[in-house]
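Examination of the molecular architecture
This is what each chain is made of:
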Amino acid sequence: MQTVYILNGPNLNLLGKRQPEIYGKETLQDIEVACGQIAEANGLKVRFLQSNAEHQLIDWIHEAREDACGIIINPAAYTHTSVALLDALGTFERPVFEVHISNVHKRESFRHHSYVSLRADGVIAGCGAQGYELALLRLIRLLGR
Ligand SMILES: O=C(O)[C@]1(O)C[C@H](CCCOc2ccccc2)[C@@H](O)[C@H](O)C1
């Protein structure tokens, strides 16, 4: 069964616990459950991961090269800083979707630039936690399922 990697960057482990006015009340576990249901209904598995460490996210992208049909990533703050993450995603040849819970383009100017967007096949921002589900549905469409 094909696997979708859903990767989450720094501080997203606090999702639902802090700043609900920006990031909503859903937790990463809520998002994992919702995405898992969609994936299962379409014959896919989800590997849902979060790390505050850049190197761990990079290692998971390298792991995804072996067995993932696509990557959905919320790089969090590394979005705006990490060439290393962009380079790692550049080694992954199947679809990549970048997700942001908030509309980064309505926030501080430093959030308006994304290194990851240079690789992403699609970018979803400002749709809350549902952005992950929307990215997954787009990936499923691209897989012809
Ligand atoms: O809107 C998004 O999903 C972001 O990727 C979230 C990042 C922040 C992730 C931290 O999430 C928290 C959630 C709850 C409480 C504190 C941080 C931020 O640095 C990006 O510019 C946009």
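Higher on the page you've got the structure.
A brief structural summary. Numbers given to residues run from 1 along each chain, matching the order in which its sequence is written. Where totals are concerned, whole chains, interfaces and linings use all residues; where local detail is concerned, this predicted model gives features only for residues with pLDDT of at least 70, and gives and counts side-chain atom pairs only at 80 or more. Side-chain measures were taken over the full set of non-hydrogen atoms in the model, leaving aside hydrogen atoms and water.

1. So, the sheet that holds strand E2 (residues 45-50)
Two pairing modes exist for strands in a sheet, parallel and antiparallel, and in both the strands are linked by backbone hydrogen bonds. Quick reminder of the rule: Strand pairing is assigned whenever DSSP detects at least two bridges linking the two strands. A run of H or I in DSSP becomes a helix once it reaches four residues, and a run of E becomes a strand once it reaches two; helices and strands are each numbered from the N terminus. Here, axes are lines fitted to C-alpha atoms. For helices the fit covers the stretch in contact, and angles between N-to-C directions go from 0 to 180 degrees. Note on contacts: a residue pair is in contact if any heavy atoms of the two residues lie within 4.5 Å.
Across the sheet, five strands lie side by side as E2-E1-E3-E4-E5; this open sheet has parallel pairing. A single partner strand is all that each edge strand has here, and the edge strands are E2 and strand E5 (122-125). Geometrically, the sheet is characterised by an average inter-axis angle of 20 degrees between neighbouring strands, direction not taken into account. Note: strand E1 (residues 3-8) against strand E3 (residues 68-74), six bridges, orientation parallel. Paired with leucine 7 across the bridge in E3 is isoleucine 73. Of the strands in this sheet, E1 and E2 are in contact with helix H2 (residues 28-41), which crosses E2 at around 165 degrees. In the packing of helix H5 (residues 130-142) onto the sheet, contacts are made with E1, E3, strand E4 (96-100) and E5, and the angle to E4 comes to roughly 165 degrees.

2. Quick notes on the nonpolar core
We apply this condition: What is meant by a nonpolar core is a set of buried Ala, Val, Leu, Ile, Met, Phe, Trp, Tyr and Cys residues, joined one to another through side-chain atoms within 4.5 Å. We call a residue buried when its accessible area falls under 20% of the maximum for its residue type, exposed when it is over 50%, and partly exposed in between, using a 1.4 Å probe and counting protein chains only.
Among the nonpolar cores identified, the biggest contains 24 residues, and Val4, Ile31, Ile72, Tyr132 and Leu136 are the most heavily contacted of them. Secondary structure elements with two or more residues in this core: E1, H2, E3, E4 and H5. Aside from chain neighbours lying at most four places away, what touches isoleucine 72 is Val4, Tyr5, Ile6, Leu7, Phe97, Val99, Tyr132, Ala135 and Leu136. Counting residues in hydrophobic clusters, the runner-up holds 18 residues, among them Leu57, Ile73, Leu89 and Phe92.

3. Looking at the side chain of threonine 79
When you line up the elements, threonine 79 lands in the loop between E3 and helix H4 (83-89). If we ignore the near neighbours within four places in the chain, the residues touching threonine 79 are Glu98, His100, His113, Ser114, Tyr115 and Val116.

4. With respect to the site of the ligand
Note the cut-off: Consider each residue's heavy atoms; a residue with any of them within 4 Å of a molecule or strand counts as near. Each polar contact in these results corresponds to two N or O atoms within 3.5 Å; when the atoms are within protein, one needs to be able to donate a hydrogen and the other to accept it, and residues that are neighboring in sequence are counted only if both atoms are side-chain atoms. Accessible areas in this description were obtained via Shrake-Rupley with a 1.4 Å probe; residue shielding takes into account the shown protein chains only. The method works on a 1 Å grid over the protein atoms by themselves. A cavity is a set of points holding a 1.4 Å probe that cannot get out, a pocket is an open set with protein on both sides within 12 Å along at least five of seven lines, and residues with an atom within 4 Å of a point line them. Should more than half of a molecule's atoms lie within 2 Å of a pocket's or cavity's grid points, that molecule is taken to sit in it.
Lining the immediate environment of the ligand, one finds 17 residues, of which Asn74, His80, Ile101, Ser102 and Arg111 sit closest. Within the backbone of isoleucine 101, one N or O atom sits 2.7 Å away from an oxygen atom of the ligand. Protein contact buries 94% of the 510 Å² of open area that the ligand shows by itself. Here the ligand is seated within the largest pocket.

5. Focus: the pattern of salt bridges
Here is the rule we go by: The working definition used for a salt bridge is a side-chain nitrogen of Lys or Arg within 4 Å of a carboxyl oxygen of Asp or Glu.
In the structure shown here, the tally under the stated rule is four salt bridges. The residue arginine 107 makes a salt bridge to glutamate 108 at a minimum N-O spacing of 3.8 Å. For glutamate 108, a relative accessible area of 36% puts it in the partly exposed group. Aspartate 121 is the salt-bridge partner of arginine 119, the closest N and O atoms lying 3.1 Å from each other. Using a relative accessible area of 16% as the deciding quantity, one classes arginine 119 as buried. On the accessibility criterion, aspartate 121 (49% relative accessible area) is partly exposed. Salt bridges sharing partners connect three or more residues here, namely Arg107, Glu108 and Arg111.

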